[in-house]
Amino acid sequence: MTDTQPHVLVMGAGSIGCLVGGLLQAAGARVDFVGRPRMLERLHQHGLHLTDLDGGRRQLPTTALNLHTTVPPRAEPDLVLLCVKSRDTATAAQALGQQLPPGTVVLSLQNGLGNAEQAQQAAPALSMVPGMVPFNVAELGPGHFHRGTSGQLAAGFHPQLERLAQLFDRAGLPLALYTDLRPVQLGKLLLNLNNPVNALSGLPLREQLLHSGFRRQFAALMREALDLMRLDGTEPARVTPLPWDLLIQVLKLPTPLFRLIASRMLRIDPKARSSMADDLTAGRPTEIDALSGEIVRLATRLGHAAPLNTAMVARIQALQARHTRSTA
Ligand SMILES: NC(=O)c1ccc[n+]([C@@H]2O[C@H](COP(=O)([O-])OP(=O)(O)OC[C@H]3O[C@@H](n4cnc5c(N)ncnc54)[C@H](OP(=O)(O)O)[C@@H]3O)[C@@H](O)[C@H]2O)c1
């Protein structure tokens, strides 16, 4: 790593890649963005405009952006951010493995549990580290990425991430490092069980959480998953101010009480939606298999059933299939 300017490569310039990569660039890193031509065209025309719910605002003009459709040859980044959806993990990791020097550190900023392992299998010479993004990011307009909720980035421990800690701090994205990230990932997975509920509701996240029926559905999915995780001998880390059992109770309260007690949970930008909602609307495959599907696999492994999460996988997959048929 050069003393003066760390080099970061974003693999998958989408909501998370553009926001995190853009903030690291604004904090002094040299950043290469690898993305699809459709997204690169938008960035090329509009530059990057990054905003957040606390009023933060950063503008990176198009001339300041290094945009690529494939991993640039001879690149030797200090850090790669793997920011593709779970379905694209293996292909993206293979492309990285073919171009980057052995040992290059790749931080998976993806939801679900198995992406870093899957990427490691696809590119054995690289050094994959799991990560966890707690906040929601949406593209509000061409090149405009908005962080609609808050929370601290987390990652598995790696000396390279420790060396880059100040860069993340300057970017306003302090990175918490864990020897074992799995309990944190399990906690995030529990919260992500709201993604399909949100996608099916058709409402922005905040509005959806103000409906007791949708909250109860979310609570029931979480209860089922939490019981299975405990049966498996693992306790998910707390990723919200409330302990899990209390959170589930609070979600089931009548809306006026919920509003009062969970005011921090409702600190969500009114426009924020889950990325699964965006995927369903756009007719793209969703990450349901990496979220509720993970709970179904856990239940099967334990010789149990997960009827609620199983039904949720089926509902989302049916909607995906209907869309595929209607666009075929
Ligand atoms: N958005 C959020 O609020 C949020 C929050 C926390 C965690 N996450 C997690 O972060 C990960 C990324 O989510 P996201 O919302 O940022 O997804 P996204 O907006 O869909 O961004 C991913 C981008 O990567 C592109 N891509 C896929 N394979 C590629 C390849 N081989 N080379 C170059 N570009 C490639 C995708 O293109 P296509 O569109 O053609 O596939 C897409 O433009 C997911 O695991 C998600 O669960 C998201």
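These numbers were taken from a predicted model, which means no experiment stands behind them.

## Brief notes about the packing of aromatic side chains
The full count for this structure, using the stated rule, is zero aromatic pairs. The ring of phenylalanine 135 is capped by arginine 147, whose NZ or CZ atom sits 5.7 Å from the centre of that ring. Between the NZ or CZ atom of arginine 215 and the centre of the ring of phenylalanine 258, over which it lies, the distance is 4.2 Å.

## Points about the sheet that holds strand β7 (residues 105–108)
As summarised here, the arrangement of the eight strands in space is β5-β2-β1-β6-β7-β8-β11-β12, forming an open sheet in which the pairing is mixed. Strand pairing shows two members of the sheet lacking a second neighbour, β5 (66–68) and β12 (175–178), which therefore form its edges. Taken pair by pair, the neighbouring strands of this sheet meet at an average axis angle of 25°, ignoring direction. Examined bridge by bridge, strand β11 (residues 153–156) and β12 share four bridges and lie parallel to one another. Paired with leucine 153 across the strands is leucine 175, a residue of β12. Docked against the sheet, helix α4 (residues 115–122) engages β6 (79–82), β7 and β8 (127–132), running at close to 160° with respect to β8.

## Regarding helix α3 (residues 89–99)
Among all positions in α3, only Thr89, Ala92, Ala93 and Leu96 are buried. Looking straight down α3, one finds that the buried residues subtend no more than 95° of arc, so they occupy a single side. Exposed side chains of α3 directed beyond 90 degrees from the buried face belong to Thr91 and Gln98.

## Describing the pattern of salt bridges
Counted under the stated rule, the structure contains 16 salt bridges. Put simply, arginine 301 and aspartate 232 hold a salt bridge, and the shortest N to O gap is 3.0 Å. Of this pair, arginine 301 sits in helix α14 (residues 292–302) while aspartate 232 is found in the loop between α10 (212–231) and α11 (244–251), placing the two residues 69 residues apart along the sequence. A residue is classified by how much of its surface remains accessible, and aspartate 232, at 27% relative accessible area, is partly exposed.

## Examining the domain arrangement of the protein chain
How big an interface is tends to be reported as the loss of accessible area on association of its parts. Assigned domains within the protein chain: domain 1 (7–179) and domain 2 (184–327). Each of domain 1 and domain 2 has a C-alpha centre, and the two are 24 Å apart. Taken together, the 21 residues of domain 1 in the interface contact 24 residues of domain 2. Carbon and sulfur atoms supply 54% of the area that domain 1 and domain 2 bury against each other, a total of about 1900 Å² over both sides. Counting the contacts that link domain 1 with domain 2 gives two salt bridges. The partner of arginine 267 in a salt bridge is aspartate 54, and the shortest N-O contact between them spans 2.6 Å. Along the contact surface separating domain 1 from domain 2 lie nine residue pairs in polar contact (both at pLDDT 80 or more). It is β8 that provides the largest number of residues to the side of domain 1 that touches domain 2, a total of three residues.

## Describing helix α2 (residues 37–46)
Considered for burial, the residues of α2 that qualify are Met39, Leu40 and Leu43. The arc enclosing the buried residues of α2, seen along the axis, measures out at 100°, which places them on a common side. The outward face of α2, more than 90 degrees from its buried face, is lined by the exposed residues Pro37, Arg38, His44 and Gln45. Backbone geometry just downstream of α2 places glycine 47 in the positive-phi region, at approximately 70°.

Calculation notes
- Residues numbered from 1 in each chain as written.
- Predicted model: local features only at pLDDT ≥ 70, side-chain atom pairs only at ≥ 80, totals over all residues.
- Heavy atoms only, no water.
- Phe/Tyr/Trp six-rings, centres within 6.5 Å; stacked < 30°, edge-to-face > 60°.
- Lys NZ or Arg CZ within 6 Å of the ring centre and 35° of its normal.
- Pairing = 2+ DSSP bridges.
- Helix = DSSP H or I, 4+ residues; strand = E, 2+ residues; numbered from the N terminus.
- Axes fitted to C-alpha atoms, helices over the stretch in contact; angles between N-to-C directions.
- Contact = heavy atoms within 4.5 Å.
- Buried < 20%, exposed > 50% of the residue type's maximum accessible area, 1.4 Å probe, protein only.
- Arc of directions from axis to C-beta.
- Salt bridge = Lys/Arg side-chain N within 4 Å of Asp/Glu carboxyl O.
- Domains from an automatic or database assignment.
- Buried area = accessible area lost by both parts, 1.4 Å probe.
- Polar contact = N/O pair within 3.5 Å; in protein donor to acceptor, adjacent residues only side chain to side chain.

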